[in-house]
Amino acid sequence: MSEATFISEEVIRRLDTIETLMSIAMAIKENRCHTTIDFKCIHMGKGCAVIITEALKFNRCLTTICFSLNNIGDAGSAYIAKALKVNMCLTTISLCLNNIGDIGAASIAEALKVNRCLTTIDLSKNYIGENGAESIAEALKVNRTLTIMDLSWNKIGDAGAEFIAEALKVNRCLTTIHLSFNNIRGDGTTSITEVLKVNRCITTLSLSVNPIWAGIASIAEMLKVNRTLTTIYLSNSVIGVAGAASIAEALKVNRTLTSIRFSGSGCRDAGFTSIAEALKVNKYLTSIDVSFNLIGDAGAESIAEALKINRTLTAINLSGNNIGDAAQASIKEALEVNPFALVPFTPEQRLAILTARKPAESPLRKLPLDVIKRIMLCYHVNEARRTWDGYKVKI
């Protein structure tokens, strides 16, 4: 719970009585100073959602609310949408894991057309399909405040991605969009990337865990001309050797991208060698994640050569690959030559961080959490958070 939360977690967990529910609703109506409330995983359902959202219509202080994991469904979404149409204070709302389908997405979309305060919405891990994506896209064409939208782990497919792409042609506010795990293939990827050749607002794009191999070439072409994107997630998307080579060519000329992730994407030695060649000339990338990519000694030797030259890369993740002792020695030598890579760690620590195959093998397990946060630890991945050795680390 946030320190700004004004209703205790113990009280929230007792929503099984109408008295408790009504007291919480009254507290929301009368609140004049607190900004955050978390209703995550309390099995709220439609009935509770009706009463809570009615209270939100009157609240003038709450800016952040979480309804995640509550089985609100389409019916509950309709009530939340009604509140969003009149509430003029909420800036962040999380509705992930709520069994929301196309009907619920349409209700939320109607609210987004008139809402003038919301900047962040999380609709991930629901059942939103292409029809729901179309509704949301129509809202994005007129919405002027939303900057972050998470639609990951839905089922919008190529058709839904095309609707979103059309919206991005006219939207001038959205800066971050997460579309991971949506069964987006080549056509959908191409639609998004064609828009990003001219879009000047999107800075973060996530397409991880999508079968996008047929659209990798379009991503690479987009990166050659795009001037605003700083972060792109392509992990577990079966990029392959040819795809890695295409991305590498784009990195040679791109001047804005600072972070790229394609963990678990089948780059192998040949693909990673192409990436390493790009790192010799790229002067802007600071973070790259190529963990679990079947990279062996040849690929590791190529990155060792790149690390001797590159002066901007501060975080690189090679964990979960098959790097032998000789290649590790080459990397260590490169880290000794280049004082810029993976600071503030010693060459020995940096080598262990790069090549650890298990979290327990890494020297990081003895370091403070604030130090751990300074590097990427792609042992277990989701889009917003990494879990490693008992820590939950934001990056």
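This is a predicted model, so every value here is computed, not measured.

Novice: Can you walk me through the packing of aromatic side chains in this structure?
Specialist: Ring pairs (aromatic) are described by centroid distance and by the angle formed between their planes. Tallied over the full model, the rule gives one aromatic pair. Look at Trp 153 and Phe 181: their rings are 4.0 Å apart centre to centre, the planes differ by 20 degrees, and that puts the pair in the stacked class. Placement of the pair is Trp 153 in the loop between strand 5 (148-150) and helix 7 (157-168) and Phe 181 in the loop between strand 6 (176-178) and helix 8 (186-196), with a sequence separation of 28 residues. When the ring centre of Trp 153 is taken as reference, the NZ or CZ atom of Lys 125 above it lies at 5.7 Å.

Novice: Can you walk me through a positive patch on the surface in this structure?
Specialist: On the surface, Arg 200, Arg 227, Arg 255 and Lys 283 cluster together to form a positively charged patch. Turning to its location among the elements, Arg 227 is positioned in the loop between helix 9 (216-225) and strand 8 (231-233). Of the residues examined, Arg 227 reaches a relative accessible area of 42% and is grouped as partly exposed.

Novice: Before we go on, may I ask you to explain helix 12 (residues 297-309) in this structure?
Specialist: Because an α-helix completes one turn every 3.6 residues, residues spaced three or four positions apart along the sequence face the same direction. The end-to-end C-alpha separation of helix 12 is 19 Å, in line with the 18 Å expected for 13 residues at 1.5 Å each. Those residues of helix 12 lying buried are Gly 299, Ala 300, Ser 302, Ile 303, Ala 304, Ala 306 and Leu 307. Contacts made by the buried residues of helix 12 are with helix 11 (268-279), strand 11 (315-317) and helix 13 (325-337).

Novice: What is the right way to read helix 5 (residues 102-114) from this model?
Specialist: An ideal rise of 1.5 Å per residue puts 18 Å on 13 residues; helix 5 measures up with 19 Å between its terminal C-alpha atoms. Taken as a whole, helix 5 has its buried residues at Gly 104, Ala 105, Ser 107, Ile 108, Ala 109, Ala 111 and Leu 112.

Novice: Explain the packing of helix 7 against helix 8 here, please?
Specialist: Running from N to C, helix 7 and helix 8 cross one another at 10 degrees; their axes reach a closest spacing of 8 Å. As judged from the angle between their axes, helix 7 and helix 8 are roughly parallel. Each of Asp 158, Ala 161, Glu 162, Ile 164, Ala 165 and Leu 168 in helix 7 lies in contact with helix 8, whose residues at this interface are Gly 186, Asp 187, Gly 188, Ser 191, Ile 192 and Val 195. Grouping the amino acids of the contact of helix 7 with helix 8 by side-chain chemistry returns six nonpolar, three polar and three charged.

The rules behind each value
- Residues numbered from 1 in each chain as written.
- Predicted model: local features only at pLDDT ≥ 70, side-chain atom pairs only at ≥ 80, totals over all residues.
- Heavy atoms only, no water.
- Phe/Tyr/Trp six-rings, centres within 6.5 Å; stacked < 30°, edge-to-face > 60°.
- Helix = DSSP H or I, 4+ residues; strand = E, 2+ residues; numbered from the N terminus.
- Lys NZ or Arg CZ within 6 Å of the ring centre and 35° of its normal.
- Patch = residues over 30% accessible without salt bridge, like charges linked within 9 Å, V, L, I, M, F, W, Y side chains within 5 Å.
- Areas by Shrake-Rupley, 256 points an atom, 1.4 Å probe, with all protein chains shown as cover.
- Salt bridge = Lys/Arg side-chain N within 4 Å of Asp/Glu carboxyl O.
- Lys, Arg positive; Asp, Glu negative; His and termini not counted.
- Charge placed at Lys NZ, Arg CZ, Asp CG, Glu CD.
- Buried < 20%, exposed > 50% of the residue type's maximum accessible area, 1.4 Å probe, protein only.
- Expected span 1.5 Å × (residues − 1).
- Contact = heavy atoms within 4.5 Å.
- Axes fitted to C-alpha atoms, helices over the stretch in contact; angles between N-to-C directions.
- Parallel < 35°, antiparallel > 145°, perpendicular 65-115°, else oblique.
- Nonpolar A, V, L, I, M, F, W, Y, C, P; charged D, E, K, R; others polar.

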